[in-house]
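Now for the letters of each chain:
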Amino acid sequence: MSKPRVLVTGGAGYIGSMVTLLLTMSGYEVLVYDNLSTGNRWATLDSQLVVGDLLDVELLRATVKSFKPTAIFHFAASIEVGESIERPLKYYQNNTVNLIHMLSVADEEGIDRFVFSSTAAVYGAPETGVVSEDCQPAPINPYGSSKLMSERILADYAVSNPLFRYVALRYFNVAGADPEGRLGQAYRNPTHLITRALKTAKGEFEKLEIFGTDYPTPDGTCIRDYIHISDLANAHILALQYLDAGGKTLVSNCGYGRGYSVKEVIEEAKRVTGVDFPVLEKGRREGDPPELVASNERITRELKWTPAYDSLENIISSAWQWELTRRK
Ligand code: UDP
């Protein structure tokens with residue numbers, strides 16, 4: 001019997017490549033569609049790769065027509081809060097308009113299972129730091145808005161097509177690397193806290209800056225829910241199995257339900273690496289909410305998700321191993 005086929009946009013990126021690997025290991029045949037603007041060819045390992053842009057609807061259509069996937073995983077997106085404030089049009093183009101391209105092709109070709117990468121940034125700066133999916137989304141930066149618009153487009157489209165079902169996972173702060181060392185973060189210009197901290201420990205950056213120490217949190221720095229890439233990737237496999245088994249459309253947080261402050265992350269990064277790297281306290285970075293932690297009741301209940309790497313130490317030590325050994 002032939003394997004079920006999945007098209008993965010953005011499958012050469014950090015999260016998409018890890019999910020591609022897991023899909024392959026779970027018996028799916030994967031085709032990656034990626035423009036390699038931030039992803040890497042090597043990250044697709046043995047999967048088929050079409051180097052293409054989601055703006056190129058002709059190529060996208062031809063790819064889908066010949067590959068004939070039963071499901072689409074849509075990772076391709078821009079993901080930096082700061083950049084989204086400076087370049088909002090890039091975010092609405094890449095994250096929102098390109099989703100419409102993907103959905104239009106899915107519609108034409110009758111593909112009715114879709115897994116979408118959303119983000120905790122749709123919540124904005126919630127009054128209580130722990131957010132459930134019932135909290136009213138209110139993004140405070142173009143990145144969050146572009147993803148929330150995409151969620152609405154998916155919801156509206158699903159109403160128009162009763163066969164179409166999707167899972168949108170709202171990722172909290174994804175970090176860490178494959179425990180077997182095959183894949184990990186490889187952005188050319190990393191901005192995320194754990195990667196910046198480890199690169200500072202490694203000596204690639206002179207110092208780590210803390211963006212804001214006057215937030216209304218116990219130590220004054222922002223609190224986030226950091227989640228290990230392998231647990232996040234596994235949630236995607238469960239999402240597809242759920243859709244394959246006839247599951248209804250689901251919008252769900254994906255996080256551990258526990259937050260750490262920037263200072264706590266830095267302390268742990270120093271402990272794991274054994275390097276007391278220089279840290280400089282700076283002013284706030286625009287667009288950062290003080291606290292963002294997932295309520296994960298829904299994903300636990302609906303997808304039967306059980307995290308296996310749930311600790312800051314697991315996250316940071318796997319990311320550190322990757323930093324020390326990774327492919328450039
Ligand atoms: N942060 C920091 N220094 C850095 C990078 C990030 O203090 O070099 C802070 C950032 O302001 C936020 C938290 O770390 O409060 C997590 O930021 P990150 O960019 O990793 O993820 P985000 O929550 O923006 O998706």
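Residues numbered from 1 in each chain as written. Predicted model: local features only at pLDDT ≥ 70, side-chain atom pairs only at ≥ 80, totals over all residues. Heavy atoms only, no water.

## What about the pattern of salt bridges?
Using the criterion set out here, one finds 28 salt bridges in the structure. Of the charged contacts in the structure, one is a salt bridge between Lys-199 and Glu-204, with a shortest N-O distance of 3.3 Å. For Glu-204, a relative accessible area of 39% corresponds to the partly exposed category. A salt bridge links Lys-199 to Glu-323, with the nearest nitrogen and oxygen atoms 3.1 Å apart. In this pair, Lys-199 sits in helix 6 (residues 193-202) while Glu-323 sits in helix 10 (residues 312-325), placing the two residues 124 residues apart along the sequence. As far as the burial class goes, Lys-199 and Glu-323 line up, both buried. One network of salt bridges, with partners in common, ties together Lys-199, Lys-202, Glu-204 and Glu-323. (Salt bridge = Lys/Arg side-chain N within 4 Å of Asp/Glu carboxyl O. Buried < 20%, exposed > 50% of the residue type's maximum accessible area, 1.4 Å probe, protein only. Helix = DSSP H or I, 4+ residues; strand = E, 2+ residues; numbered from the N terminus.)

## Quick look at the site of the ligand
Around the ligand there are 15 residues in total, and Leu-193, Glu-209, Arg-224, Arg-285 and Asp-288 lie nearest to it. One nitrogen or oxygen atom from the main chain of Leu-193 is found 2.8 Å from an oxygen atom belonging to the ligand. Here Arg-224 contributes a side-chain N or O atom positioned 2.9 Å from an oxygen atom of the ligand. In isolation the ligand exposes 510 Å². Once the protein is present, 90% of that is buried. Per-element accounting of the shell around the ligand gives the leading share, four residues, to strand 9 (residues 208-211). Across the shell around the ligand, the residue classes tally to seven nonpolar, three polar and five charged. (Near = heavy atom within 4 Å. Polar contact = N/O pair within 3.5 Å; in protein donor to acceptor, adjacent residues only side chain to side chain. Areas by Shrake-Rupley, 256 points an atom, 1.4 Å probe, with all protein chains shown as cover. Nonpolar A, V, L, I, M, F, W, Y, C, P; charged D, E, K, R; others polar.)

## Details of the sheet that holds strand 10 (residues 223-224)
If you walk across this open sheet you meet the four strands as 6-15-10-13, and the pairing is mixed. Only two strands of the sheet have a single partner each, and these edge strands are strand 6 (130-131) and strand 13 (260-261). (Pairing = 2+ DSSP bridges.)

## A short note on helix 1 (residues 14-25)
Between its first and last C-alpha, helix 1 extends 17 Å over twelve residues, near the 16 Å set by a 1.5 Å rise per residue. Across the twelve residues that make up helix 1, a large majority, ten, are buried. Directly beyond the C-terminal end of helix 1, a positive phi value near 95° is found at Gly-27. (Expected span 1.5 Å × (residues − 1).)

## Some remarks on empty space enclosed by the protein
Think of a ball as big as a water molecule: rolled over the atoms, this probe shows where empty space is left. Applying the stated criterion to the full structure yields one cavity of 30 Å³ or more. Estimates place the volume of the largest cavity at around 60 Å³. Tyr-14, Ala-175, Gly-176, Gln-185, Ile-194, Thr-195, Leu-198, Ala-319, Trp-322 and Glu-323 are the residues that line the largest cavity. Taken together, the elements giving at least two residues each to the lining of the largest cavity come down to helix 6 and helix 10. Counted by class, the lining of the largest cavity contains six nonpolar, three polar and one charged residues. (1 Å grid on protein atoms, 1.4 Å probe; cavity = no way out; pocket = protein on both sides within 12 Å on 5 of 7 lines; lining within 4 Å. Points joined across faces, edges and corners; volume = space filled by probe spheres on them.)

## Things to note about unusual backbone geometry
Positive phi outside glycine occurs at Leu-45, with the angle close to 50°. Looking at the secondary structure, you find Leu-45 in the loop between strand 2 (29-34) and strand 3 (48-51). A relative accessible area of 37% places Leu-45 in the partly exposed class. Positioned with a positive phi, Lys-304 is a non-glycine residue whose angle comes to about 55°. Examined against the element boundaries, Lys-304 turns out to sit in the loop between helix 9 (297-302) and helix 10. Overall, Lys-304 belongs to the exposed group, its relative accessible area being 62%.

## With respect to the sheet that holds strand 1 (residues 5-9)
Read across the sheet, seven strands follow the order 3-2-1-4-5-7-12 without closing on themselves; strand pairing throughout is parallel. Two strands close off the open sheet at either side, each with one partner strand: strand 3 and strand 12 (250-254). Taking each pair of neighbouring strands and ignoring which way they run, the sheet shows an average axis angle of 20°. Direction of pairing for strand 7 (residues 165-171) relative to strand 12: parallel, over a ladder of five bridges. Following the sheet pairing, Ala-168 is matched in strand 12 by Val-251. Across the face of the sheet, helix 2 (residues 57-67) comes into contact with strand 1, strand 2 and strand 3 while running at roughly 175° to strand 2. (Axes fitted to C-alpha atoms, helices over the stretch in contact; angles between N-to-C directions. Contact = heavy atoms within 4.5 Å.)

## Structural notes on the pairing of strand 4 (residues 71-74)
The alternating pattern of strand 4 places Ala-71 and Phe-73 on one face and Ile-72 and His-74 on the opposite face, and all of these are buried. Summarising the sheet, strand 1 and strand 4 pair through four bridges and their orientation is parallel. Within strand 4, the residue paired with Thr-9 across the bridge is His-74. The sheet contact formed by strand 4 and strand 5 (residues 113-119) spans three bridges and is parallel. The residue of strand 5 that forms the bridge with Phe-73 is Val-115.

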